[in-house]
Every structure is written in C-alpha cells, then in structure tokens.
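# Structural description and commentary
Residue strings, one per chain:
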Amino acid sequence: MALRATACAEASEGPNPEEHPLLPADPEQDILWNDVEQAEPNQDGSAGELLVKECRSMAELLRDKPHCLLQYLQDHGVKCLGAFEVEDRLLLGKVAGDAILTMGGDRPDLDYERAWRRKLGVCSSKYTGWRTALRVLAYVVTIRGATYPGNEGLLHPLLTRWQAGGCSFTAFALPAVQAVIDWKWTRFCEKLLFWELFIFLYWLASYWLFILAIQGEDPALSLHQLLGTRWGQLAVAADLAGLAAMAPFLVIELRTVAAYGWSWLSWNLLSSLSIALQIVIAVRHLTRTWVEPGFLPIAMAVQCVLLLLRVQYFSRVFRPTRFASVDSIAEVLHDLKYYLLFLVLLIGGFASAFFVLFRQDQADHQEFSSLGRAFVTMVAWLAGDPNLTLAYNHSTHPVAACLLAIAYVFILGLVLLNLLVGLMTNTLNKVTENESLRLLLSKAQIIDELEATLPRCVQRFFPQLYPPYLHVFRVDPGSLDKVDLDTLWGPAPPAPAASAAAAAASQAASQVGSLAAWQPQPGLQELPRGEGGEGKQGRKGMGADGGGGVVSEQLARLEQEQHQLGEQVAELKAILLRQQREL
C-alpha cells in the first residue's frame, strides 16, 4: 500500500508562491501537490514491479472506476518517487510559470535523479549572484498513456465531461492533469498556437485590405470588368488571400466538430460564424451576386467585430493578456439574463408611452414618430444623453411628458442602471477568481482542438510527443529562501518614557503586594486583658516591658506607608496613561 510522502508533506510549508519565481504565480496550482502519495521504497527491485502494476490506462479507469474517476486521479494519479538536491543555478530560467518540469519515459520506475540531472544539463546562466542547493521532488503520473491524443489520453475525456456539465473546471488543477497540460503545451502546442496566430493575423490583414479596396466599387461591374481596375484587382487578391488564410481554421472547426459533436458549436458559435461570414462575403463578391445591395455592407461590418473578438481565443492562454472578453460577456448574459430582459421590457414600455404621448406632435418630434425611433431615443437617454427639452418644446402635453421623462431618467438612469453595474461587477469578480485554474482549462481546450486537427500519422511518426509515462519535477517550497515583508524592519521598540513609567509602576505594585501579604499575628492584635490591664497571656507573649504598645505603633506606621505607596502607584499609573495617549 502506498505511503504518504514525507517529502511531499514537508513541502506544504514554505514561501508564498507569489514571492518566488520558482513557484507558480497562483497557489491554487500548487496546493494539491502537497498531498501526493509516495511510492513504496525499493526492495530488491520489487518496488519497481509494484509501481508498474499500479499504473493503469485511461480506458481501464473509465471501465472500472467511472463513479470515482476524479477522486482516483486526485488520490493516486501521481506518485512521489523521492527527493534530491540540485544547485539552484541549474533551475534558474528553466522552471517558471507552472513551476514544474515534465519528461517522458518508457517506464515509471526509472532512476529519477540521474535522469533529471541529465535533462537539466549545464548551468542556464553564467552568473547568479550566489549559489545554493535546492531540494527538489520527483513524481510520476500513474496513468499509462495519459499523454495520448483523443479518448486514449487524459485530456479529451475530461474536457468532454466538463462540457457536458459533469465536473467543474477545478478538475484541471489535479496534479496529473497539470502535468499532461504542461508536457503538451511546452513540447508542441504552444508553437502550433503561435503559427495559428500568425495565420490569423494574415487573415485579419487581408480582410482589412479588402474592406479598404472595396470602397467606391460599383456593384454593377462584372468580375472581368472589376479585374480591369487597379482597386478591383487589389480587392479580389485580398479576398482570395483571406479565403486561403481562413482555410486552416475551417479544417480545425470541422475536425473539432467531428471530435466533440455538433454540441461543440453551441459554445463556440462566434468562431464558426466568422468563418461562415468570410465564405459568404467572398462568394458574393467574386460571383457578383449582389441580389440585396444592403446585405454585403452589413455582413462586412459584422465580420469586422467577429474577427476582433476572435483574438481572445489566443489571448486567454497567456497570463499578461488573460482577460477573455467573450467568456465574460457570456457569463454576464447567463447570470443577468432575466434582469436584462426586465430592463428591455421597461425601456420598451417607456418608448410606447412617449410614442402615444407625442402622437399629435410627430411632425415636430421625429424621435418619437415610430416605436423603433422611440426605443432608440430611450436607449440614448439611458446611455447618458437625456434631451429633456423634447418633453416641453412643441408638445401638446408638456406636463405629462416632463413627468414621464423625469420618472424614466430617475428609475432607469439612476436606480436600475447603477444596480446593473453592481450586479455586473459581482459577475466579473466571479469570472476573474481562480484565474490560474481557468488558464489551465483554456490551455487544455486549445491542446485538444489542435490534436483533433493534426493527422493521425503524427503519433506514429513522432512517438516522442506521446510517451507512455510522464515524469514531473518540482521544487520543494520549503527549501526556498524568501523575504518576509511583514517583518522587514522588525517590531517597533517602546518609548523610553513609557518604559520608565511602566517599570516604576511595576516596582511600586510589587512593594504594595509585599506589604499586603504581611499580616500581624492574631495574638498581637487582640491581647486578653486581666486586672491591671495586662493578662498572663499578654505578659507571657510580650514581656513585662509593655511590648503591646510598641506593636501598635509599628502597625500604624506600616499602614501609613502602605497608604502612601498606594497613592504613588495611582500617580504613576496616571502618568503612564497620559504618556501612552501622547504617543
């Protein structure tokens, strides 16, 4: 049975990940690594065989443990092989971002220290200020073939489950999933995405050149006549270049639909719509089938917006530009759809009221000559341009129009619109929280889409991209040096006057306590009297020289000193309190 790794448990305490470049920028990515189990120690080679037997393929897990697959991935998806020390200069410049390194292997029980030292190679920088040794941890992903594409690997079934609503995006923070994402992203997917971005920028530049060249073009010209003009030649060339740049994205869309089904289009509708519009615009322009003269300008205007929104497909996987506008808008529409519907209905109600109220004044108030114009006017008022002079200028019902306009500006412009801003702020805060986990999810989506696009022969010709086992290298957070900003200058020393007053008060209080602790004996306070004022017990206890009077004088003097010390203590306390207030 697997044992809890002491090395992994000790790694739970250390510097804040935000305070060291060798740790992940967000602690959510690192917290689950501290609970990874450790493989049993080697005993005559039997531990290696046992570890190999514990490794299972994704198909076996889907068959045997579909009811607890995520829990199995969390508890047994990664095993800690052990720990060793390396010089920090070997890690600087190599471990960053996710703060882990991954390496493929044919077996899970390799000599991890030797393998990782060979992979780290030589020093990444010539001078590092000073040198120190860091404790590092070696892990292995126990899912055999976790890096394989499609249903044989780990990412595709997990993404399909997430898209169906069967699990949360927090499942992509599991150590095994993090390791697979890091391996595929750093080996080939990041490079492919940059090539895809380059092709998209080429598409975008071609389209902008097309809309510039088409200005002033005569729709009545045939294609042959159009090619006879310089601007026509430029427009046709830009149109064809845009189609050529769009072709790889069409292939990606079709292969992704084949992998996920038509339900994939429901959450990637804007991307598919931009491809469809590009094809329609090119066909309409090249075939000169301008049946509706107003269609092409509208389609081109919509395409300008869709292409710019498509940029967030690339920006969502890079931390400095990690703000997915489309995801944010979709989240706002999902959370506030009923509130937005209520606002639209309310705006429509006020637009109808103004339309009826200015029914007799439509010649002087074109803003309310129809329901559509009245609705647009209400939206303009809500956006911060309320022209209230329309309510009483050339109006048959100026009082009613003014009251209606004031009510509209107050209810919608001041109350409901500010409430909408507050609700949208809460929704955006929900979107931006757990940003590092959403970043992992975005990377997993792009990785799976790219793998769906690649030919099947890639796995056969490049087997090094899909190793059977995946090994992980992670720096122990407890071995890192850090700066604690909270105690940078140390605690502030107490003021000298306050310290002296406190010491005097403490000394006086101790003296008062010692006096209060001393009590005279009962026999000295009450002496029995006999004839002549002195009894036998008094004479026996105090002697014949009148010792009772001397004791009474001592008691009186001690009481007086105690009273004086009490006054001094009260005075010192008052001085101390006044000095504390001044400080």
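Residues numbered from 1 in each chain as written. Predicted model: local features only at pLDDT ≥ 70, side-chain atom pairs only at ≥ 80, totals over all residues. Heavy atoms only, no water.

## Some remarks on the overall build of the protein
Counting secondary structure elements, the protein contains 23 helices and eight strands. Of the contacts made within the protein by residues no fewer than 6 positions apart, 79% connect residues no fewer than 24 positions apart. Accessible surface, the protein as shown: approximately 32,500 Å² in total, 61% of it carbon and sulfur. (Helix = DSSP H or I, 4+ residues; strand = E, 2+ residues; numbered from the N terminus. Contact = heavy atoms within 4.5 Å. Areas by Shrake-Rupley, 256 points an atom, 1.4 Å probe, with all protein chains shown as cover.)

## Looking at the pairing of strand E4 (residues 78–87)
In terms of residue burial, E4 counts as a mostly covered element, since seven of its 10 residues are buried. In terms of strand pairing, E4 meets strand E6 (residues 133–141) through nine bridges, oriented antiparallel. Its bridge partner lying in E6, Phe84 is registered against Val136. (Buried < 20%, exposed > 50% of the residue type's maximum accessible area, 1.4 Å probe, protein only. Pairing = 2+ DSSP bridges.)

## Here we look at the packing of aromatic side chains
The tally for this structure, following the rule as stated, stands at 18 aromatic pairs. Ring centres of Trp203 and Phe249 lie 5.5 Å apart, and the angle between their planes is 40°; on these two criteria the pair is classed as tilted. Of this pair, Trp203 sits in helix H7 (residues 175–213) while Phe249 sits in helix H9 (residues 230–260), placing them 46 residues apart in sequence. Each member of the pair, Trp203 as well as Phe249, carries the same accessibility label: buried. Each ring, one from Phe358 and one from Phe368, has its centre 4.9 Å from the other, and the planes form 10°; the classification is stacked. Of this pair, Phe358 sits in the loop between helix H15 (337–357) and helix H16 (371–382) while Phe368 sits in the loop between H15 and H16, and the two are 10 residues apart along the sequence. With relative accessibility at 0%, the residue Phe358 sits in the buried group. For Phe368, a relative accessible area of 0% gives the class buried. (Phe/Tyr/Trp six-rings, centres within 6.5 Å; stacked < 30°, edge-to-face > 60°.)

## Thoughts on the packing of H15 against helix H17 (residues 398–432)
Across the interface, H15 lies against H17 with an axial gap of 11 Å and an inter-helix angle of 170°. On the basis of the axis angle, H15 is roughly antiparallel to H17. Contacts between H15 and H17 involve Tyr339, Leu340, Phe342, Leu343, Leu346, Ile347, Phe350, Ala353, Phe354 and Leu357 from the former and Ala400, Ala401, Leu404, Ala405, Ala407, Tyr408, Ile411, Leu412, Leu416, Leu419, Leu420 and Leu423 from the latter. Classifying every residue of the contact of H15 with H17 by side-chain character gives 22 nonpolar, no polar and no charged. (Axes fitted to C-alpha atoms, helices over the stretch in contact; angles between N-to-C directions. Parallel < 35°, antiparallel > 145°, perpendicular 65-115°, else oblique. Nonpolar A, V, L, I, M, F, W, Y, C, P; charged D, E, K, R; others polar.)

## Quick look at the pattern of salt bridges
Working definition: two side chains of opposite charge can pair if their charged atoms are close together. Per the counting criterion, the structure on display carries nine salt bridges. Between Asp64 and Arg63 there is a salt bridge; the shortest N-O distance is 3.0 Å. Residue Asp109 pairs with Arg107 through a salt bridge whose shortest N-O separation is 2.9 Å. Relative accessible area serves as the criterion here: at 44%, Arg107 is assigned to the partly exposed category. Via salt bridges that share partners, Arg56, Arg63 and Asp64 belong to a single interconnected network. (Salt bridge = Lys/Arg side-chain N within 4 Å of Asp/Glu carboxyl O.)

## Section: the pairing of strand E5 (residues 100–105)
The element E5 is largely enclosed, with a buried count of five among its six residues. Both E5 and strand E8 (residues 469–475) contribute to a ladder of six bridges, which runs antiparallel. In the strand pairing of E8, Thr102 is matched with Val472.

## Observations concerning the environment of Val332
Position of Val332 relative to the elements: it lies in helix H14 (residues 325–335). Distance from Val332 to Asn426, taken between C-alpha atoms, is 9.5 Å for residues 94 residues apart in sequence. Discounting residues that sit within four places of it in the chain, Val332 has contacts with Lys337, Met424, Thr427 and Leu428.

## Side note on the packing of H16 against H17
With their axes 10 Å apart at the nearest point, H16 and H17 run at an angle of 55° to one another. Comparing their axes, H17 and H16 come out oblique. For the pair H16 and H17, the crossing hand works out as right-handed. Across from Met378, Val379, Trp381 and Leu382 in H16, the residues of H17 making contact are Ala405, Tyr408, Leu412, Gly413 and Leu417. Here the residues of the contact of H16 with H17 are counted per class, giving eight nonpolar, one polar and no charged. (Left-handed = near helix turned anticlockwise from the far one by under 90°.)

## Focus on the confidence of the model for the protein
Close reading of the predicted structure is inappropriate where its pLDDT is low. Mean pLDDT over the protein stands at 77; residues scoring 70 or higher make up 74%. In the model, residues 9–19 has pLDDT below 50 throughout and makes 26 contacts with residues more than four positions away in sequence or in other chains. In the model, residues 515–547 has pLDDT below 50 throughout and makes 22 contacts with residues more than four positions away in sequence or in other chains. (pLDDT = per-residue confidence, 0-100.)

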